[in-house]
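# Descriptive structure summary
For reference, the chains in residue letters:
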Amino acid sequence: MAMAEKDKELIRGSWESLGKNKIPHGVVMFNRMFELEPSLRNLFNFDTTYVEDYLSNAALLDHITKVMLVLDAAVKNLDNLLALKDYLVKLGRKHATAGVSIKAFGVVGESLLYMLQCSLGEAYSAPLQQAWLNLYTIVEAVMSQGWPTDSEHKAD
Ligand code: HEM
């Protein structure tokens, strides 16, 4: 769960301004996600009928805020991602229980990169993209440990 120093620097630098405006950036990310995969809205157990109208969908905005806070925690703990391990595994478990497939998380990652590209403009470089991909891959991999394994399913 260790990140390269260069990756950490790139991530911290890019998050400095983004992290101050989490909700608008989170909205760009979620817009992209539903554009790429409209069926994902069915995975939320709250009403996403008016998903285009984010500001009037308190539940969705609340989830967007939560996602951004998890990313913020990851950025703040780049030197010790292990500290987030138990939390992330439990978070994965909550999503599994809510009926979310881990496959959906790939689209979230893609949308995160899209949001970064939109927000950072020329500052969005190949090494920066790779650094974020490395971080997101760790978050996703740890969360995925919260999904029950096949043997657990059989035991049910
Ligand atoms: C398409 C992908 C996703 C879907 C469909 C989804 C859906 C949900 C749902 C339905 C809940 C409510 C669970 C419950 O019943 O308590 C939830 C909670 C939450 N989600 Fe997601 N989620 C997604 C991705 C993510 C990602 C990528 C993150 C963070 C990296 C995240 C962070 C959270 C947090 C922090 C909560 C609150 C958990 C708690 O109550 O402690 N979600 N999500």
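What you are looking at is a predicted structure, and each value in this text was computed from that prediction instead of being measured. (Residues numbered from 1 in each chain as written. Predicted model: local features only at pLDDT ≥ 70, side-chain atom pairs only at ≥ 80, totals over all residues. Heavy atoms only, no water.)

Scanning the protein from N- to C-terminus turns up 7 helices and 0 strands. The N-to-C order of helical and strand elements in the protein reads α-α-α-α-α-α-α. Summarising the internal contacts of the protein: among those between residues at least 6 apart in sequence, 74% fall at separations of at least 24. Total accessible area on the protein stands at roughly 8800 Å², and carbon and sulfur atoms take up 56% of it. (Helix = DSSP H or I, 4+ residues; strand = E, 2+ residues; numbered from the N terminus. Contact = heavy atoms within 4.5 Å. Areas by Shrake-Rupley, 256 points an atom, 1.4 Å probe, with all protein chains shown as cover.)

This paragraph deals with helix α4 (residues 85–97). The end-to-end C-alpha separation of α4 is 18 Å, in line with the 18 Å expected for 13 residues at 1.5 Å each. Listed in full, the buried residues belonging to α4 are Leu 88, Leu 91, Gly 92, His 95 and Ala 96. Axial view of α4: buried residues confined to an arc of 145°, hence all on one face. Of the exposed residues in α4, those oriented more than 90 degrees away from the buried face are Asp 86, Lys 90, Lys 94 and Thr 97. Where α4 is buried, its residues meet α3 (58–76), α5 (104–120) and α6 (126–144). One or two residues past the end of α4 sits Gly 99, with phi positive at roughly 90°. (Expected span 1.5 Å × (residues − 1). Buried < 20%, exposed > 50% of the residue type's maximum accessible area, 1.4 Å probe, protein only. Arc of directions from axis to C-beta.)

Another aspect to go through is the confidence of the model for the protein. For the protein, the mean per-residue pLDDT works out to 90, and 88% of the residues sit at or above 70. By mean pLDDT, helix α7 (residues 150–155) is the weakest element of the protein at 56, and α6 is the strongest at 97. (pLDDT = per-residue confidence, 0-100.)

Once that is clear, we can look at the packing of aromatic side chains. In total, this model carries 3 aromatic pairs according to the counting rule given. Each ring, one from Trp 15 and one from Trp 132, has its centre 5.6 Å from the other, and the planes form 45°; the classification is tilted. Residue Trp 15 is found in helix α1 (residues 5–18), and its partner Trp 132 is found in helix α6; the two are separated by 117 residues along the sequence. Each of the two residues, Trp 15 as well as Trp 132, counts as buried. Centroid distance Phe 30 to Phe 34: 6.1 Å. Interplanar angle 70°. Geometry classified as edge-to-face. In this pair, Phe 30 and Phe 34 are both assigned in helix α2 (residues 22–36), 4 residues apart and thus about one turn of the helix distant. (Phe/Tyr/Trp six-rings, centres within 6.5 Å; stacked < 30°, edge-to-face > 60°.)

What follows covers the nonpolar core. Core analysis: the largest hydrophobic core is formed by 47 residues, its most contacted members being Leu 116, Trp 132 and Leu 135. Elements that contribute at least two residues to this core include exactly α1, α2, α3, α4, α5 and α6. If near-sequence neighbours (up to four positions away) are discounted, Leu 135 is found in contact with Met 3, Ile 11, Ala 74, Val 75, Leu 78 and Leu 81. (Core = buried A, V, L, I, M, F, W, Y, C linked by side-chain atoms within 4.5 Å.)

With that settled, consider the packing of α1 against α3. One can describe the packing of α1 onto α3 by two numbers: an axis separation of 10 Å at closest approach and a directional angle of 135°. Classed by the angle they form, the pair α1 and α3 counts as oblique. The crossing of α1 and α3 is left-handed. Side by side, α1 and α3 meet where Ile 11, Arg 12 and Trp 15 of the first sit next to Met 68, Leu 71, Asp 72 and Val 75 of the second. Broken down by class, the residue content of the contact of α1 with α3 amounts to 5 nonpolar, no polar and 2 charged. (Axes fitted to C-alpha atoms, helices over the stretch in contact; angles between N-to-C directions. Parallel < 35°, antiparallel > 145°, perpendicular 65-115°, else oblique. Left-handed = near helix turned anticlockwise from the far one by under 90°. Nonpolar A, V, L, I, M, F, W, Y, C, P; charged D, E, K, R; others polar.)

Time to look at the environment of Ser 14. Relative to the helices and strands, Ser 14 resides in helix α1. With a relative accessible area of 5%, Ser 14 lands in the buried category. Along the chain, Ser 14 and Tyr 124 lie 110 residues apart, while their C-alpha atoms are 8.6 Å from each other. Apart from residues lying up to four places away in sequence, Ser 14 is in contact with Leu 120, Leu 128 and Trp 132.

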